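If you want the building blocks of each chain, they are given just below.
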Amino acid sequence: MRFAFTEDQLALRDAVRDLLARECPPAAVRAAWDEPAGRVPGLWSRLAEMGVVGALASEGHGGMGFSALDLVLLLEESGRAVAPEPLVGVAAVAIPLLEEIGGDLAAEWLPAITSGEAIVAVGLDGASRERSTADGMLVEDADAAALLLLAAGDEVHAVLRTDLDVVPQRSVDGSRRVAHLDWAPTPATRVAGGARGRALADAAFDRGAFGTAAVLVGLGAAMLEQAVEYAKEREQFGRPIGSFQAVKHHLANAALRLEYARPIVHRAAHTLARGGERARDASMAKAYASEAAHGAARSSLQVHGAIGYTVEHDLHLFLKRTWALEAAWGDAPQHRERVARRVLDGPPEAADWNP
Amino acid sequence: MDLTFDDAEQAFRAEARRWLEANVPGPLPSGDTAEGFAAHLEWERRLFADRWAVVSWPEEYGGRGASLWEWLVFEEEYWRAGAPSRVNQNGIFLLAPTLFEFGTDEQKARFLPRIAAAVDLFCQGWSEPNAGSDLAGIQSRAVRDDAGGGWRLRGQKTWTTRGAFCNWLFGLFRSDPEAERHRGLTYFLVPLDADGVTVRPVGRLDGDDGFAEVFFEDVLVPDDLVLGEVHQGWRVAMATTSSERGLSLRSPGRFMATATRLVDLYRTRGADADPGLREAVVRAWMDADAYRLHTFGVVTRMLAGESLGAESSFMKLFWSELDVATHEAALGLLGREGELDAGGWMKGYQFSLAGPIYAGTNEIQRNVVAERVLGLPRG
């Protein structure tokens, strides 16, 4: 038993934190709102060079051959910097899905994806009970993707961007590029079906929930830190507002939720890497991270007061990303119900840690 | 990262489970009543006889020298088996860690084996009528008595859990009348049969005589019953509060066992439960799991040499609120049978409500998190 990251994992986290502090400050995120792609120019190729994009791809496909345990802290960092890059969709979901599909499709696409040249988007329908929480095909970065991996019922399809139409939608977060698809499955694009197709799509859903949870933990930590710094500096009634108990308790509550969400998210990474109750653990991660980030957003805005309610302050960049992501890949109530189906409705041993 | 117990730890688990299955008695009357306390002592002595009373202590004091991981495993098994609550837990989990850290060799040799064997039964003498959350405001005095070779204690302690049944008290007394607040306090071990001690039981919310007021009228306590240095009692006591708030008093095992019982109740009662109750039940189970995982992280850091500081306030907040919520979910499932204490859930609920109050109220814990973890200015 050892619930900690390795020196290497922490060093890579620090390197990514440094990169994002340099190349993705809030001003860059703000500028990304006005970019057609909603991204920070050049950042994706820097992340690809560092091996972050291709972390989970096999070395044969140009990746690092890492596991979710190596990736989870990097996703947290991307949340902390509110980086507008498609790391969850590409690095956490699409790449492992392509590795599992394997064959020519993986060989053809993975090298270009891991090198940062091509973006791949993922869309899951809600046809399966396991994914009744899926996103209704509101697909992230569909327009910029060269390839889309789409689940419809038990089937998984690989569709070229040029073979379908996207209908862009406006997100509350001005850096997010989400779209509905004008698409119907055909046998020509089908890469898996039946039990295998369902298993692939369910695994993709779990990875998306896990990856988004990690980003939300980073967002929550960043919003809490900003509120703490502000509460130390801002004075009213002749003293820092952080000396008032009402303010302290808001921030302590936010810190408490994050403190207990983090190990749940890290355990989900362990389960993805080493095996275990994948669906249960990914769902717990998303449920806890969504609530913790939501609470941190709420407390942070309240502590910032009116200055936080302006778009001149950077806080709104974090708030809006949080609101979008807490519902993406299934919201907290949906994921709790997914846990309940296993723990409450499953065999009695499901609720016993050491049967 | 490795979130599995190794073969040796699992063998330890199997051994503990076998012993507990063969030895755990049926339900005992509450340990916070005179009758129940006696029954619990019998159980404590059976634990001690087979060296399960203090598994993490060195063998010379009656333990097994178990690692922190093995201790967590034992606790999981202990509560899973439905074993009785530990009536001498204050001695084992609160005083003993302080004795190990601050006690003289003589004190350790004298007290630790007798605590393990449930012969010396300690209650905690901290709170006073005017010093609850504001512990540094204690007024009970220790006056130097050179002729008597010790100190004379005067004053009153209150809300002393199991004070009516214990034979020893550990407590803080103001030894330097010139010093203020947390300075000038001394940590004493006091035999409750000493001349000048009066113990008055006080009925508790849950119906047991679990509380006591303890009065001290010039009670002579010899120098060898001072724990740590004279006037340094605050520092000594703070080592114990970390134990109380965090790891040692509230291991994850007990909340895991309660959550499992709640899920069992839901399986038999929950078919018609409203969705809000279903959510409350699954939240309780998940929170028990979260507490377990968080503790694994804490233990990993402790074994790497880090000390458990203000982080213990997170733990105290989390387990105490989890415990209340778990019992509320059960009472929701029971409906009117809750009033009749079906399954002991109402009694358990009343006990859980003490959690956010004792060991530093949760309001104080939130201040500690804000000031010592987040670095906000003191109010």
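Bear in mind the structure is a predicted one, so any value in this text is a computation, not a measurement.

Participant: Quick one: what's the story with the overall build of chain A, residue by residue and with numbers?
Facilitator: Along chain A, the regular secondary structure elements total 11 helices and nine strands. Its C-alpha atoms give chain A a radius of gyration of 20 Å, within 12% of the compact-globule value 20 Å for 355 residues. Principal-axis analysis of the C-alpha atoms places the extent of chain A at approximately 70 × 55 × 40 Å. Residue burial in chain A is summarised as follows: out of 355 residues, 55% are buried.

Participant: Before we move on, could you go through the overall build of chain B and cite the residues and values that matter?
Facilitator: Assigned secondary structure in chain B consists of 11 helices and eight strands. Projected onto its principal axes, the C-alpha positions of chain B cover 70 × 45 × 45 Å. Here chain B, with 379 residues, has 46% of them falling under the buried criterion. Once local pairs closer than 6 in sequence are excluded, the contacts in chain B between residues at least 24 apart make up 69%.

Participant: Residues and numbers for the nonpolar core, please.
Facilitator: Residue and element names in this part refer to chain A. Ranked by size, the top nonpolar core spans 221 residues in total, and within it Phe210, Val217, Leu251, Val265 and Ala285 carry the most contacts. Sort the elements by how many residues they give to this core and helix H7 (residues 194-233) lands first, with 20 residues. In contact with Val217, not counting residues within four places along its chain, are Glu76, Gly79, Leu258, Ala261, Arg262, Val265, Ala289, Ala292 and Ala293.

Participant: Can you lay out the packing of helix H8 (residues 275-303) of chain B against helix H9 (residues 311-334) of chain B for me, pointing to particular residues and giving the numbers?
Facilitator: Packed helix pairs are characterised by how far apart their axes lie and by the angle those axes make with each other. Residue and element names in this part refer to chain B. The geometry of H8 relative to H9 is characterised by a closest axis approach of 9 Å and an angle of 155° between their N-to-C directions. On the basis of their axis angle, the class for H8 and H9 is roughly antiparallel. At the point where H8 passes H9, the crossing takes the left-handed sense. Across from Leu277, Ala280, Val281, Arg283, Ala284, Asp287, Ala288, Tyr291 and Val298 in H8, the residues of H9 making contact are Glu311, Phe318, Trp319, Leu322, Ala325, Thr326, Ala329, Gly332 and Leu333. In terms of residue class, the contact of H8 with H9 is built from 13 nonpolar, two polar and three charged.

Participant: So, the packing of helix H7 (residues 252-269) of chain B against H8 of chain B: which residues are in play, and what are the values?
Facilitator: All names here are of chain B. Where H7 contacts H8, the two axes come as close as 9 Å, and the packing angle between them is 160°. Our classification of the angle between H7 and H8 gives roughly antiparallel. With respect to the hand of their crossing, H7 and H8 are arranged in left-handed fashion. Facing Pro252, Phe255, Met256, Ala259, Leu262, Val263 and Tyr266 of H7, the residues of H8 in contact are Val281, Ala284, Trp285, Ala288, Tyr291, Arg292 and Thr295. For the contact of H7 with H8, the class distribution of residues is 12 nonpolar, one polar and one charged.

Participant: Hey, could you go over helix H9 (residues 278-304) of chain A for me, with residue numbers and the actual values?
Facilitator: Over its 27 residues, H9 of chain A runs 38 Å from end to end, which matches the ideal 39 Å to within 8%, given 1.5 Å per residue. Positive phi appears at Gly305 of chain A, one or two residues downstream of H9 of chain A, with a value of about 65°.

Participant: Can you break down the domain arrangement of chain B residue by residue, with the values?
Facilitator: All names here are of chain B. Examined at the domain level, chain B breaks down into domain 1 (7-87), domain 2 (122-232) and domain 3 (246-373). For domain 1 versus domain 3, the separation of C-alpha centres amounts to 21 Å. Facing the eight residues of domain 1 at the interface are 10 residues of domain 3. Looking at the side of domain 1 that touches domain 3 residue by residue, the class counts come to five nonpolar, no polar and three charged.

Participant: Report on the sheet that holds strand E4 (residues 155-160) of chain A, specifying residues and quantitative values.
Facilitator: All names here are of chain A. Taken in spatial order, the four strands make up an open sheet running E1-E3-E4-E7, and their pairing is mixed. Strands with a single pairing partner mark the edges of an open sheet, and in this sheet they are strand E1 (120-124) and strand E7 (190-192). On average, adjacent strands in this sheet sit at an angle of 25° to one another, irrespective of strand direction. By the bridge criterion, six bridges tie strand E3 (residues 147-152) to E4 in an arrangement that is antiparallel. In the sheet register, Ala152 faces E4, and the bridge partner there is Glu155.

Participant: Now, about the environment of Asp125 of chain A: what can you tell me, with residues and values included?
Facilitator: All names here are of chain A. Along the chain, the position of Asp125 falls in the loop between E1 and strand E2 (139-140). Classification of Asp125 as partly exposed rests on a count of 17 C-beta atoms within 10 Å. As a C-alpha pair, Asp125 and Ala146 span 21 residues in sequence and 20 Å in three-dimensional space.

Participant: Outline the interface of chain A and chain B, supporting the account with residue identities and numerical values.
Facilitator: Quoted interface sizes are often the accessible area lost when the parts come together. Taken residue by residue, the interface counts 37 residues in chain A and 39 residues in chain B. When residues of the side of chain A that touches chain B are traced back to their parent elements, those giving at least two are H7, helix H8 (245-274), H9 and helix H11 (332-343) of chain A. At 13 residues, the largest contribution of residues to the side of chain A that touches chain B is made by H8 of chain A.

Participant: Please set out the confidence of the model for chain B residue by residue, giving values where relevant.
Facilitator: Per-chain confidence: chain B averages 94 in pLDDT, with 97% of residues scoring 70 or above. Across the assembled chains, the prediction reports ipTM 0.97 with pTM 0.96.

Participant: Explain the sheet that holds E2 of chain A to me, and be specific about the residues and the numbers.
Facilitator: All names here are of chain A. Spatial strand order, E2-E6-E5: three strands in an open sheet with antiparallel pairing. Strands with a single pairing partner mark the edges of an open sheet, and in this sheet they are E2 and strand E5 (165-170). In terms of strand pairing, E2 meets strand E6 (residues 177-182) through two bridges, oriented antiparallel. Across the sheet, residue Val139 finds its bridge partner in E6, namely Ala179.

Thresholds applied
- Residues numbered from 1 in each chain as written.
- Chains lettered and ligands numbered in written order.
- Predicted model: local features only at pLDDT ≥ 70, side-chain atom pairs only at ≥ 80, totals over all residues.
- Helix = DSSP H or I, 4+ residues; strand = E, 2+ residues; numbered from the N terminus.
- Rg over C-alpha atoms; globule rule 2.2 N^0.38 Å.
- Buried ≥ 20, exposed ≤ 12 C-beta atoms within 10 Å, placed from the backbone.
- Contact = placed C-beta atoms within 7 Å.
- Core = buried A, V, L, I, M, F, W, Y, C linked by C-beta atoms within 7 Å.
- Axes fitted to C-alpha atoms, helices over the stretch in contact; angles between N-to-C directions.
- Parallel < 35°, antiparallel > 145°, perpendicular 65-115°, else oblique.
- Left-handed = near helix turned anticlockwise from the far one by under 90°.
- Nonpolar A, V, L, I, M, F, W, Y, C, P; charged D, E, K, R; others polar.
- Expected span 1.5 Å × (residues − 1).
- Domains from an automatic or database assignment.
- Pairing = 2+ DSSP bridges.
- pLDDT = per-residue confidence, 0-100.

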